[in-house]
Amino acid sequence: MPAADLVLTGAKVRTLDPARPHATAVAVRDGLIAAVGDASDARDWTGPGTETVDLAGAALTPGLTDSHSHPVWGLDMATGLDLSGVTDVDGLRAALRGAGRTGGWILGYGLDHNAFGGRPVDRALVEDAVPDVPVFLRLYDGHSALVNGVALRAAGIDGPRSFAQRSEIVCDATGRPTGHLIEHAAMALVTAVLPKPSHDERRTRLVALLSAMAATGLTGAHVMDLGDGDVPDLLTAVEATGDLPLRLRLAPWCMPGADVGALDELVALQRLRGRDWLVGGVKFFMDGTVEGGTAWLEHPDCHGRGTEAFWPDPAAYSAAVRTLHAAGVRTATHAIGDAAVRHVLDTVASLGESGRLAHRIEHIETVPAGQLARFAELGVIASMQPPHTAYTRADHTDEWSRRLGDERAGRAWRCRDLRDTGAYVALGSDWPIAHYDARQVLATARVPRGAAAAGRSLTGLMALEGCTTHAAVAAGEQTVAGRIAPGLRADLTAFAVDPVDAPADEVADAPVRLTVSSGRVTHRAL
């Protein structure tokens, strides 16, 4: 074979390729795996221009993929004060008093619903802490926010409104807006008047973020948005002066009310691509979140909410999926509640055999046993985020569990049950909802937290497959990625410990020695 560009030796290679499960050396040429073998083979792979790296016993696996992330839109979401450590209202008030300003606003993110101690989310709880400055605080779920009166006035919000999608400006009995904004359309009224970073600032932050992601072993991400539509221009600008540290696969949103023209535009977007990014698929929302009362449930939550879909006409959602499917476009649908999951499965079932392995469901936080087998039967990929379990509690005293009740909370994040039916389960972080660290995804899949702790966990091998082979299936890339085999894309991650056999807590903070994305070294710590 021609000389390789990169040869990795001294490794304990887990190829996830049934034809050759283990090896000690790998050769890379032109962004692809050129050869897999042992140290004795490496001499035949090298030439004058070959870079040889001795991994000194590190465990080499297929490159990790985050199957659900928001690295570009998340830059805006994760701006300002990190409130993820706030546990009660007093702590929130103290954080706001000491907060810096961004363009004259106090911005915050990551605020846990549990910090309100079961009380309604209301600006009255924080208004006097910052009475004269507009405040916009995203709750951790990304589907709701708390704003104060100054911010409401800046956005021209003085009462309830109607939206084409399930969104709400929460108002009290007198019609006064409480400052609690639920779902995207309601929040967009305020985000439209927030200070915006410059193009150069966003570009610099994006490269830094993607580099940090690569340092945790990530080689790619399935990006579940297209931002405000300027993301292709931003990615093109990055690639004009360098390479993306991660390969990105983006899915623009299809929202309620989309007509034939809007669907045609989504199909046309699938042609957009750069060296290491492309538009590949479309993202839908079938519901919202449990904590926000917008998850679509078969039976109401404890507040009598959760009985409506995000699409006011669920049949219109199904028709849009069928139209995109006929055009060869893959879809991913956010579905947290059991009714939402059922409706998406029913929609894919209507596609017949051609729908197999072409569509996926995101999140799936609570699903009854009767729906589990349908994922494998229909070939629907389950895309799940184990770190989300940390927002719940084992004793069901958290907001998520209280809303659902013990029975539904008892079937939280059933990753292992889905795997055991034969379903593909792709794993991700949903950054910035949870941290992007891929090692945390692997570890939490093996030791779920909170309400999911009583359930069955994934094995180390299953967790690794969720970020590699199953992630490849979720993207329709199973013939070109996800394994270490000749001819496949050279995505590789080298760990100081074996992520399959090492205890989960060791995997969670294991040093990543090397990350290779499409044949390029994007992180090195040797």
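Details of the structure are given in the entry above.
From a predicted model like this one, the values you see are computed outputs, not experimental measurements.

The rules behind these values
- Residues numbered from 1 in each chain as written.
- Predicted model: local features only at pLDDT ≥ 70, side-chain atom pairs only at ≥ 80, totals over all residues.
- Heavy atoms only, no water.
- Core = buried A, V, L, I, M, F, W, Y, C linked by side-chain atoms within 4.5 Å.
- Buried < 20%, exposed > 50% of the residue type's maximum accessible area, 1.4 Å probe, protein only.
- Helix = DSSP H or I, 4+ residues; strand = E, 2+ residues; numbered from the N terminus.
- Contact = heavy atoms within 4.5 Å.
- Disulfide = S-S within 2.5 Å.
- Pairing = 2+ DSSP bridges.
- Right-handed = clockwise from strand over helix to strand, strands pointing away.
- Axes fitted to C-alpha atoms, helices over the stretch in contact; angles between N-to-C directions.
- Parallel < 35°, antiparallel > 145°, perpendicular 65-115°, else oblique.
- Left-handed = near helix turned anticlockwise from the far one by under 90°.
- Nonpolar A, V, L, I, M, F, W, Y, C, P; charged D, E, K, R; others polar.
- Salt bridge = Lys/Arg side-chain N within 4 Å of Asp/Glu carboxyl O.
- Arc of directions from axis to C-beta.
- Phe/Tyr/Trp six-rings, centres within 6.5 Å; stacked < 30°, edge-to-face > 60°.

**Details of the nonpolar core**
Leu248, Phe284, Met286, Ile361 and Phe375 are the most contacted members of the largest nonpolar core, which totals 91 residues. The greatest single-element share of this core, amounting to six residues, is contributed by helix α10 (residues 338-349). Once residues lying within four places of it in the same chain are set aside, the contact partners of Phe284 are Cys254, Trp311, Tyr317, Ala320, Val321, Leu324, Thr331, Ala332, Thr333 and His334.

**Some remarks on the environment of Ala129**
Within the element layout of this structure, Ala129 appears in the loop between β10 (106-111) and β11 (135-139). Using a relative accessible area of 12% as the deciding quantity, one classes Ala129 as buried. Sequence-distant contacts of Ala129, that is, excluding residues within four places in its chain, are made with Arg93 and Arg97.

**Considering the state of the cysteines**
Counted according to the given criterion, the structure contains zero disulfides. With no disulfide of its own, Cys467 lies 11 Å from the sulfur of Cys415, the closest cysteine sulfur.

**Observations concerning the pairing of strand β19 (residues 331-335)**
The buried fraction of β19 is high, at five of five residues. With four bridges connecting them, strand β18 (residues 282-285) and β19 associate as parallel partners. The partner of Lys283 across the bridge, within β19, is Ala332. In this fold, the crossover linking β18 to β19 by way of helix α9 (residues 314-326) has right-handed handedness.

**With respect to the sheet that holds β18**
Here we have five strands laid out as an open sheet, ordered β18-β19-β20-β21-β22, and parallel in their pairing. Each having just a single partner strand, β18 and β22 (425-427) make up the two edges of the open sheet. Looking at each pair of strands side by side, their axes are set apart by 25 degrees on average, direction ignored. Examined bridge by bridge, strand β21 (residues 381-384) and β22 share three bridges and lie parallel to one another. The partner of Met384 across the bridge, within β22, is Leu427.

**Structural notes on the pairing of β10**
Of all six residues that make up β10, six are buried, and the element is covered over most of its length. Two elements, strand β9 (residues 81-82) and β10, share two bridges in a ladder whose sense is parallel. Opposite Asp82, over in β10, you have Tyr109 as the bridge partner. Regarding the hand of the β-α-β motif, the stretch spanning β9, helix α3 (residues 89-97) and β10 is right-handed. The pairing of β10 with β11 spans four bridges and is classified as parallel. What sits directly across from Gly108, in β11, is Leu137.

**Some remarks on the sheet that holds strand β4 (residues 25-29)**
Across the sheet, four strands lie side by side as β5-β4-β1-β6; this open sheet has mixed pairing. Edge positions in the open sheet fall to β5 (32-37) and β6 (51-54), since each of these has one partner strand only. Each strand of the sheet is rotated relative to its neighbour by a mean of 15 degrees, with strand direction disregarded. Two strands pair when backbone bridges link them, and strand β1 (residues 6-9) and β6 are joined in this way by four bridges, in the parallel orientation. Counterpart to Leu6 in the pairing with β6 is Glu51.

**Some thoughts on the packing of helix α8 (residues 260-269) against α9**
Between α8 and α9, whose axes approach to 10 Å, the crossing angle comes to 40 degrees. Compared by their axis directions, α8 and α9 come out oblique. Here the hand of the crossing between α8 and α9 comes out right-handed. On α9, the residues that touch Leu263, Leu266 and Val267 of α8 are Ala320, Thr323 and Leu324. In the contact of α8 with α9, the residues fall into five nonpolar, one polar and no charged.

**Side note on the pattern of salt bridges**
Between side chains of opposite charge, a pair can form when the charged atoms approach closely. On inspection of all chains with the given rule, the structure shows 36 salt bridges. Ionic pairing is found between Asp420 and Arg416, a salt bridge with its closest N-O pair at 3.0 Å. Remark: Arg416 and Asp420 occur in helix α14 (residues 415-420); sequence separation between them is four residues, near one turn of the helix. Relative accessible area serves as the criterion here: at 18%, Arg416 is assigned to the buried category. A salt bridge links Glu465 to Arg419, with the nearest nitrogen and oxygen atoms 2.8 Å apart.

**With respect to helix α15 (residues 438-446)**
Extensive coverage of α15 is indicated by the burial of eight of its nine residues. Regarding α15, the residues found buried are Ala438, Arg439, Val441, Leu442, Ala443, Thr444, Ala445 and Arg446.

**Describing helix α11 (residues 369-378)**
The set of residues buried in α11 consists of Gln371, Leu372, Arg374, Phe375 and Leu378. Angular distribution of buried residues about the axis of α11 spans 165 degrees; they occupy a single face of the element. Counted as exposed and oriented over 90 degrees from the buried face of α11: Ala369, Gly370 and Glu377.

**Observations regarding the packing of aromatic side chains**
Tallied over the full model, the rule gives nine aromatic pairs. Note on Trp253 and Phe285: the rings are 4.9 Å apart at their centroids and 85 degrees apart in plane angle, and the pair reads as edge-to-face. With Trp253 in the loop between β16 (247-250) and α8 and Phe285 in strand β18, the pair connects residues that are 32 residues apart, well separated along the chain. Judged by relative accessible area, Trp253 falls into the partly exposed class, the value being 24%.

**Some remarks on the packing of α9 against α10**
Each pair of packed helices gets described by two things: the angle between the helix axes and the distance between those axes. Packing of α9 against α10 brings their axes to within 10 Å, and their N-to-C directions diverge by 40 degrees. By the angle between their axes, α9 is oblique relative to α10. Judged by the twist between their axes, the crossing of α9 over α10 is right-handed. Together, Pro314, Ala315, Tyr317, Ser318 and Val321 of α9 and His343, Val344 and Thr347 of α10 make up the contact between the two elements. Considering only residue class, the contact of α9 with α10 consists of five nonpolar, three polar and no charged.

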